[in-house]
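Working through the structure, step by step
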Amino acid sequence: MDKAAHPYAVWWLAFFSFIESSFFPIPPHPLLGLMCLAEPKKAIKFAAVATVSSVLGGLFGYGIGYFLYEAVGAWLLGLLGLTESFPIAACYIREQGAMAVFFAAGTPVPFKLMTITAGFIEMNLLTFTLAAVAGRALIFMVVGVLFQVFGAPIKRIIDKYLGWLTSLFVVLVVGGFIVFTQLAGGEEEPDNHVCAQAVDVRG
């Protein structure tokens, strides 16, 4: 909240969006939301800043995985408690490609896990970038457009129904994850999908 009111709030937003995509555990969404609440007319600008910065941060995370996994990437994943998820993420990226990155970029699934993993397994850089842009734009630009179009009224709605909106968001995220795992696993149960049991990043 302090950064949202700061004269350099846009730079703080860009900074947090960048580092969250590669190693920082706290997402920039609260800061973006507060800035949009404060200045709805600039909401799309704020969302665009978050999107571009987040994708650039994702490319930085990709670089960590590609060039510095042993020296930096493995330590970061361990620090964030994502070591056990690393081979699972690698499996999903190999099987689903852009869809796995898009899903992580557009939901609360740790995007930094996917960026570092994508670099480590040498995912096609253009495919990774396009998926990251699509996913990050989805999660940030929707917020920007809603505030830009509805302005103060949507602020009142959010203030009044914050609890319900949060619950709805959680339901949508969980539902999206179930759909994703069903698509990935075909007729298999999600827990029985080959990636759910992955332990080797080499595929």
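Residues numbered from 1 in each chain as written. Predicted model: local features only at pLDDT ≥ 70, side-chain atom pairs only at ≥ 80, totals over all residues. Heavy atoms only, no water.

**Digging into the overall build of the protein**
Our working rule: Strands here are runs of E lasting at least two residues and helices are runs of H or I lasting at least four, both read from the DSSP assignment and numbered beginning at the N terminus. Exposure is judged per residue with a 1.4 Å probe applied to protein chains only, and the accessible area is read against the type maximum: over 50% gives exposed, under 20% gives buried, and values in between give partly exposed. Only heavy atoms matter for contacts: two residues are in contact if any of them lie within 4.5 Å across the pair. In short, Shrake-Rupley with a 1.4 Å probe defines the accessible areas, and a residue's cover is counted only from the protein chains shown.
The secondary structure content of the protein amounts to nine helices and zero strands. Starting at the N terminus and ending at the C terminus, the protein contains elements arranged as α-α-α-α-α-α-α-α-α. Looking at the protein as a whole, 40% of its 203 residues qualify as buried. Look at the contacts in the protein between residues 6 or more apart in sequence, and 77% of them connect residues 24 or more apart. Total accessible area on the protein is roughly 11,100 Å²; 71% of this is exposed by carbon and sulfur atoms.

**What to know about the packing of helix α5 (residues 86-96) against helix α7 (residues 111-120)**
Two quantities define a packed helix pair, namely the angle between the axes and the distance from one axis to the other. To keep it simple, the criterion reads: Whenever a helix is involved, its axis is fitted only over the stretch in contact; in every case the axis is a line through C-alpha atoms, and angles between N-to-C directions fall within 0 to 180 degrees. Oblique is the label for every angle not falling under 35 degrees (roughly parallel), over 145 degrees (roughly antiparallel), or within 65 to 115 degrees (roughly perpendicular). Note: crossing handedness is left-handed where the near helix turns anticlockwise from the far helix by less than a right angle, and right-handed where it turns clockwise. For this classification, the nonpolar set comprises Ala, Val, Leu, Ile, Met, Phe, Trp, Tyr, Cys and Pro, the charged set comprises Asp, Glu, Lys and Arg, and every other residue, Gly included, is treated as polar.
At a closest axis distance of 9 Å, the pairing of α5 and α7 adopts a crossing angle of 70 degrees. With respect to α7, the axis of α5 lies roughly perpendicular. You can see that α5 and α7 cross each other, and the crossing is right-handed. Between α5 and α7, the residues in contact are F86, A89, A90 and I93 and L113, M114, T117, A118 and F120, respectively. Here the contact of α5 with α7 is built from residues that sort into eight nonpolar, one polar and no charged.

**Quick look at the packing of aromatic side chains**
Let me state the cut-off plainly: Note on ring pairs: Phe, Tyr and Trp rings are taken, using the six-membered ring of Trp, and paired if centres are within 6.5 Å. Classes follow the plane angle, with under 30 degrees stacked, over 60 edge-to-face and the rest tilted.
Inspection of every chain in the model, using the stated rule, returns eleven aromatic pairs. Where W12 meets F16, the ring centres are 5.7 Å apart and the plane angle is 25 degrees; that geometry is what we call stacked. Of this pair, W12 and F16 both sit in helix α1 (residues 9-20), four residues apart, roughly one helical turn. For W12, a relative accessible area of 26% puts it in the partly exposed group. Between F18 and F60, the ring centres sit 5.6 Å apart and the planes meet at 35 degrees, which makes this aromatic pair tilted. With F18 in helix α1 and F60 in helix α3 (residues 43-67), this residue pair connects regions lying 42 residues apart in the sequence. F18 sits in the partly exposed class, given a relative accessible area of 29%. Among the residues examined, F60 registers a relative accessible area of 40% and is labelled partly exposed. Through successive ring pairs, a cluster of aromatic residues spans W12, F15, F16 and F24.

**Describing the confidence of the model for the protein**
Let me state the cut-off plainly: The pLDDT value expresses, per residue, how confident the predictor is, ranging between 0 and 100.
Residues with a pLDDT of 70 or more make up 72% of the protein, whose mean pLDDT is 82. Mean pLDDT across the secondary structure elements of the protein bottoms out at helix α9 (residues 152-185), with 61, and peaks at α3, with 96. Scored below 50 in pLDDT, residues 186-190 makes five contacts in the model with residues more than four places away or belonging to other chains.

**Topic: unusual backbone geometry**
Non-glycine residue E122 carries a positive phi angle of around 60 degrees. On the secondary structure map, E122 appears in the loop between α7 and α8 (125-150). In this structure E122 comes out as exposed when scored by relative accessible area, which is 57%.

**With respect to helix α2 (residues 29-38)**
Considered for burial, the residues of α2 that qualify are L31, L32, G33, M35 and C36. In this structure, the buried side of α2 is in contact with α1, α3 and α8.

**What to know about the side chain of S22**
Position of S22 relative to the elements: it lies in the loop between α1 and α2. Those residues within four positions of S22 in sequence are excluded, and the remaining contacts are G57, F60, G61, L76, K112, T115 and I116.

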